[in-house]
Structure formats: structure tokens, C-alpha cells
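Below, each chain spelled out in residue letters.
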Amino acid sequence: MGELQIGKSAALFARATKVLPGGNSRTTVWSSPHPVYAASGEGCWLTDVDGNRYLDLLNNYTSLLHGHAHPAIMEAVTQRLPLGTAFPLPTETEIELAELLCSRVQSFDHVRFANSGSEAVMIALKAARARTGRPKIAKCEGAYHGSYDFAEVSLDSSPETWGNAEPRSVPYSHGTPQGVLDNVVVIPFNRSGEAERILRANAGDLACVLVDPMPNRGGLIPAQRGYLEMLRRVTSECGMLLIFDEVISFRLDHAGAQGVFGVDPDLTTLAKIIGGGFPIGAIAGTADAMAVFDPRHGKPLAPHGGTFNANPVSMVAGKMAMELMIPAEFTRLNALGQRIRDGIADAFEKTGIDGQVTGAGSLFRILMTSARLVDYRTAQAANAQAPALERVVAFLRDNGILIAGTGLGALSTPMGDAEVDLFVDIFTNALEREAALQ
Ligand SMILES: Cc1ncc(COP(=O)(O)O)c(C=O)c1O
């Protein structure tokens, strides 16, 4: 296919820089020299403004389980729109989506809706502080949980900043107040002994532990079951709440990652797939932990407003998207995930290029290193190979395949063996070109 024609995208970017900082509204979608602009999507295909078509293996950063413009979701939303899109009153639609979620996941007694994963994480952390009366939160080094400043701490710490003994609290955004850093305890992912020691040393001050069972920024390496079990035991013993961030990992199965691991948190943050392609966030958990939001007896311990919380458009789209995901569909999609991971691993082996694939379910991540990865620090081994990954991702894009610049990919239900095999063929070509460059 060769070089893409992207003249219209270039012109849109020039216009965008006049009214948006750096032409950008979302740091993640920036790519140099400028991003390609989307025009439309249908099923697992996306078309840009210059008419180039891509097999979309990014699915708005894992959120589109059913690809673009799924007919049943479009129908549900189209029926809803003429009835009104937002009210200063609750609607039945929020009860329906909450009922669906509670019927699937053992740890969900109650659900609270918000508008994004970042918001869900922020509200969950505030709920934990309100429930325990303690100021600090613990999180894993290198884990991404959205843009709340407490949740951002040590997101991109490096060997120069992360400290030798215990992980240090490193600011992500410039201007992060010292008070934020002082109130975030950073623990290593998947290293149970060290993490337990740090948590117990801070036990009296800690409201909660926030953990993503398969953190993408840390290399999409699944948690070891024993690590999550340790977190469950220690948080229970020390009176802290355990919060799972399942904004991405809820994709893994009918009851999310917690169903796969068999560990029940007190609170879970959700977003992405539960909105059927529309903005959403949610906090779900035990009746006891969620009681901080209950307004029936006066001001709740954790008051939480939000003009578009539980808006009926996101609710009906999310309900339809989740209803389509019956257990058999998770099984089919996860089998396709295994097919793509096997194909990627075979391509590395066949071409002799150093690399590996991580992930589970319908998620995968390509890493240009074969080093054994356990946590954020070991995953740094992949950083040295960033130029190789950049070349591979650009080759895929130039040949009509979209994945994240980090190597992250996610399948959607319109896909079958043919789309997976097309990807594997083009990926193999990308690695063959790498081999030729060496
Ligand atoms: C694990 C995790 N938590 C939270 C968020 C933030 O969600 P949102 O982008 O909807 O604010 C993300 C976004 O990618 C995420 O991956």
C-alpha cells in the first residue's frame, strides 16, 4: 500500500492548531507529525477523511466491544433520542443498566453512574476516604487510572526518579501539590512480599488500595492470583477498602476480571465497554461500601453530583451493548483473542525478531522485547525498543491496520478468523521488514 494519502487530515490539523492547544483535545490520540482524522466507522472498519480504510484493532482504546455503529445499539439510541436526552430527574434506564451489572458480578450490590473512567476512579477514592476516615490511598507503580491527580502519581516514574528501596511517589503532571504526593503510597505490582510490607507499615493511614488486575501501561501483564489474594487479605485485616479498576479489564469475561481471578473487591470502577460507545463511568460495590452515597438520611458521607450522570442515552446504549455480550459471545471473542496472540507469537518466532505478546481475553499488547515481564519496572525493558515498535505500528497503519502506539490492541464482535488472520499476515510482513533492517 505504501505511503498513505493524508492531505485532508493535514489541512484539518492546521485548522485545529488555531483553536485547540497543539490541535489536540486528548493527549493519547496525538501522533507526530499530526494525527489522521476519522470520518466514519462501520463494524470493525474505520475510514479517515482522506478515504483510507483501516481494520480497527484499537476500538477507541478498548471501549467499543461491538465495533462502530452496531445496528442494535443504533436502534436502541435512535428510539431513545426523541424522548429527551437528559433530565433533572432520574429515569428507569439507570435502574435497568444497574440491574444488569449487579446480576452479573458477585461483588456488585449497588452501582453509581458517572461520565468517564477518570471520574469513576476519583469518586471511588473519595468514597474510600469517606468510609474509613483515613486520608491516604495506595496504588501500583506505573498503573494508569485516568486523570485524577491522586491516581496519576508514579504513572511514569523512571529509574532516575522511582527510588531504590520502596517506590517513591513521583508527580506526573507538573504542579502536582506535595500534599497529593504525601497522601499516595506506591506499591510494586505483582511483588506480594514487598507490597504487603509497605501496606502494613502505612495501615493506619490508608483508606484503600487501588489496583488494575491487568494494567495496560505496565505492559498488559495480568496480576498473579496470589498478589490479588494478598491484597484482599491485607485490606480486610487492616480495615482498608480494596478497589479494582476494571475500566479496561471488565472486557475479560461476563463477570469481569474479578470473575476470572475469583477475588471480590469492595468497590470496582467501570467505564468504556459499559457505555456501548457513549460516555460513561461507574462505581460498583458492596452495599456497605456504597452506603457513603446514600442521600436518604441527610448529606451523604460522600456527596456526588454530575449533570449528565446516568443520562438515558448512555444507559440504553450500554445496556444493549452488555446484553449482546452473553457468556457464549465472551467465549467466542476470547478465543479470537487467543488466535491473535498465538499468531503474533508465531510471527516473532518465525522472523527471529525479539519480542512478545501479552494480554488476555480480547486484549493484546505487542512488546519488542523477550525479557520476562512481571511489573512496571521489568516492563521498562521494552522502552529501549521504542523505535522498533514505532516502525511496526507505522507499517501496520500504512497497510490499513490501527493499533495503539504502545502496541495495545482490542478485538470487537464484528471480527472473525478472517480479520485476525489478515492482521497476523500484515504483522508478519512488518516483522520481516524489521529483520531486513537488521
Ligand atoms: C484502567 C483505566 N482506568 C481509568 C481510565 C480512565 O477512563 P476515561 O478515559 O474514561 O476517563 C482508563 C482509560 O484508559 C483506564 O485504562
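To be clear, the structure that these remarks concern was listed above.
Residues numbered from 1 in each chain as written. Predicted model: local features only at pLDDT ≥ 70, side-chain atom pairs only at ≥ 80, totals over all residues. Heavy atoms only, no water.

Enquirer: Can you tell me about the pairing of strand β3 (residues 53-56), naming the residues and giving the values?
Expert: For a regular strand, the rule is simple: side chains alternate between the two faces of the sheet. Here three bridges tie strand β2 (residues 45-48) to β3, and the two strands are oriented antiparallel to one another. Bridged to L46 within β3 is Y54. Counting the residues in the hairpin turn of β2 and β3 gives four residues, including G51, whose phi is positive at 90°. Two elements, β3 and strand β13 (residues 401-402), share two bridges in a ladder whose sense is parallel. Residue D56 lies in a different strand from β13, and its bridge partner there is L402. (Pairing = 2+ DSSP bridges. Helix = DSSP H or I, 4+ residues; strand = E, 2+ residues; numbered from the N terminus.)

Enquirer: Can you explain the packing of aromatic side chains? Please cite residues and give values.
Expert: Within the structure shown, the criterion is met by eight aromatic pairs. Between the aromatic rings of F364 and F423, the centroid separation amounts to 5.7 Å while the plane-to-plane angle is 50°, which identifies the pairing as tilted. One end of the pair, F364, is in strand β12 (residues 363-367); the other, F423, is in helix α16 (residues 417-437), with 59 residues separating them in the sequence. Both residues of the pair, F364 and F423, count as buried. Between the aromatic rings of F423 and F427, the centroid separation amounts to 5.8 Å while the plane-to-plane angle is 10°, which identifies the pairing as stacked. Highlighted residues: F423 and F427, both in helix α16, separated by four residues, approximately one helical turn. Of the residues examined, F427 reaches a relative accessible area of 0% and is grouped as buried. Members of the aromatic cluster, connected to one another through ring pairs, are F348, F364, F423 and F427. The cationic tip of R129 hangs over the ring face of F150; the distance from NZ or CZ to the ring centre is 4.4 Å. (Phe/Tyr/Trp six-rings, centres within 6.5 Å; stacked < 30°, edge-to-face > 60°. Buried < 20%, exposed > 50% of the residue type's maximum accessible area, 1.4 Å probe, protein only. Lys NZ or Arg CZ within 6 Å of the ring centre and 35° of its normal.)

Enquirer: Mind laying out the site of the ligand, listing which residues take part and the relevant values?
Expert: Neighbouring the ligand are S116, G117, S118, Y144, H145, G146, D212, D245, V247, I248 and K272. With respect to the ligand, the side chain of D245 contributes an N or O atom lying 2.7 Å from a nitrogen atom. Between the ligand and K272, the relevant distance is 2.9 Å, taken from an oxygen atom to a side-chain nitrogen or oxygen of the residue. When the ligand sits alone it has 390 Å² of accessible area, and the protein chains cover 81% of it. Per-class residue counts for the shell around the ligand are three nonpolar, five polar and three charged. (Near = heavy atom within 4 Å. Polar contact = N/O pair within 3.5 Å; in protein donor to acceptor, adjacent residues only side chain to side chain. Areas by Shrake-Rupley, 256 points an atom, 1.4 Å probe, with all protein chains shown as cover. Nonpolar A, V, L, I, M, F, W, Y, C, P; charged D, E, K, R; others polar.)

Enquirer: Mind laying out the pattern of salt bridges, listing which residues take part and the relevant values?
Expert: One pass over the full model with this rule turns up 17 salt bridges. We note a salt bridge from E96 to K319, for which the minimum N-O separation is 4.0 Å. Separated by 223 residues along the polypeptide, E96 in helix α4 (residues 92-104) and K319 in helix α12 (residues 312-324) bring together distant segments of the chain. Among the salt bridges present, the one from D421 reaches R339, with a minimum N-O distance of 2.8 Å. With D421 in helix α16 and R339 in helix α13 (residues 327-351), this pair connects stretches of sequence that are 82 residues apart. Note on D421: relative accessible area 30%, which makes it partly exposed. (Salt bridge = Lys/Arg side-chain N within 4 Å of Asp/Glu carboxyl O.)

Enquirer: An account of the side chain of S154 is needed here, citing residue identities and associated values.
Expert: Among the secondary structure elements, S154 is positioned in the loop between α6 (149-152) and α7 (178-182). The buried category is assigned to S154, whose relative accessible area is 0%. Only 2.8 Å separates the side chain of S154 from the backbone oxygen of R168, close enough to count as a polar contact. When residues no more than four places from it in sequence are discounted, the contact partners of S154 are E141, G142, R168, S169, V170 and V186. (Contact = heavy atoms within 4.5 Å.)

Enquirer: Outline the packing of α4 against α12, supporting the account with residue identities and numerical values.
Expert: At a minimum axis separation of 8 Å, α4 and α12 run at an interaxial angle of 30°. In this structure, α4 meets α12 at a crossing whose hand is left-handed. Contacts between α4 and α12 involve T93, E94, E96, L97, L100 and R104 from the former and P312, M315, V316, G318, K319, M322 and E323 from the latter. Of the residues that constitute the contact of α4 with α12, the class distribution is six nonpolar, two polar and five charged. (Axes fitted to C-alpha atoms, helices over the stretch in contact; angles between N-to-C directions. Left-handed = near helix turned anticlockwise from the far one by under 90°.)

Enquirer: Could you give an account of the pairing of strand β7 (residues 206-211), with specific residues and numbers?
Expert: By the criterion of burial, β7 is predominantly enclosed, with six of the six residues buried. Note: strand β5 (residues 136-140) against β7, four bridges, orientation parallel. Opposite K139, over in β7, you have L210 as the bridge partner. Relative to strand β8 (residues 241-245), β7 runs parallel, the two being bridged by four bridges.

Enquirer: Please set out unusual backbone geometry residue by residue, giving values where relevant.
Expert: Residues S32 and P33 are joined by a peptide bond in cis, for which omega reads 5°. Relative to the elements of secondary structure, P33 occurs in the loop between α1 (7-19) and β1 (38-42). Positive phi, normally seen in glycine, also occurs at L220, with a value near 55°. Looking at where L220 falls in the secondary structure, it is placed in the loop between β7 and α9 (225-238).

Enquirer: Which residues make up the nonpolar core, and what values do they have?
Expert: Core analysis: the largest hydrophobic core is formed by 52 residues, its most contacted members being L57, L101, F113, I366, F423 and F427. Looking at this core, the elements that each hand over two or more residues are α4, β4 (110-114), β10 (281-285), α12, α13, β12, α15 (386-398) and α16. The two domains that each donate at least three residues to this core are domain 1 (7-65 + 327-437) and domain 2 (71-324). Not counting the four nearest positions on each side in its chain, L57 is found in contact with I340, F364, I401, L402, I403, L408, G409, A410, L411, M415 and F423. Membership of the second largest hydrophobic core comes to 36 residues, among which are A143, I187, L228 and F244. (Core = buried A, V, L, I, M, F, W, Y, C linked by side-chain atoms within 4.5 Å. Domains from an automatic or database assignment.)

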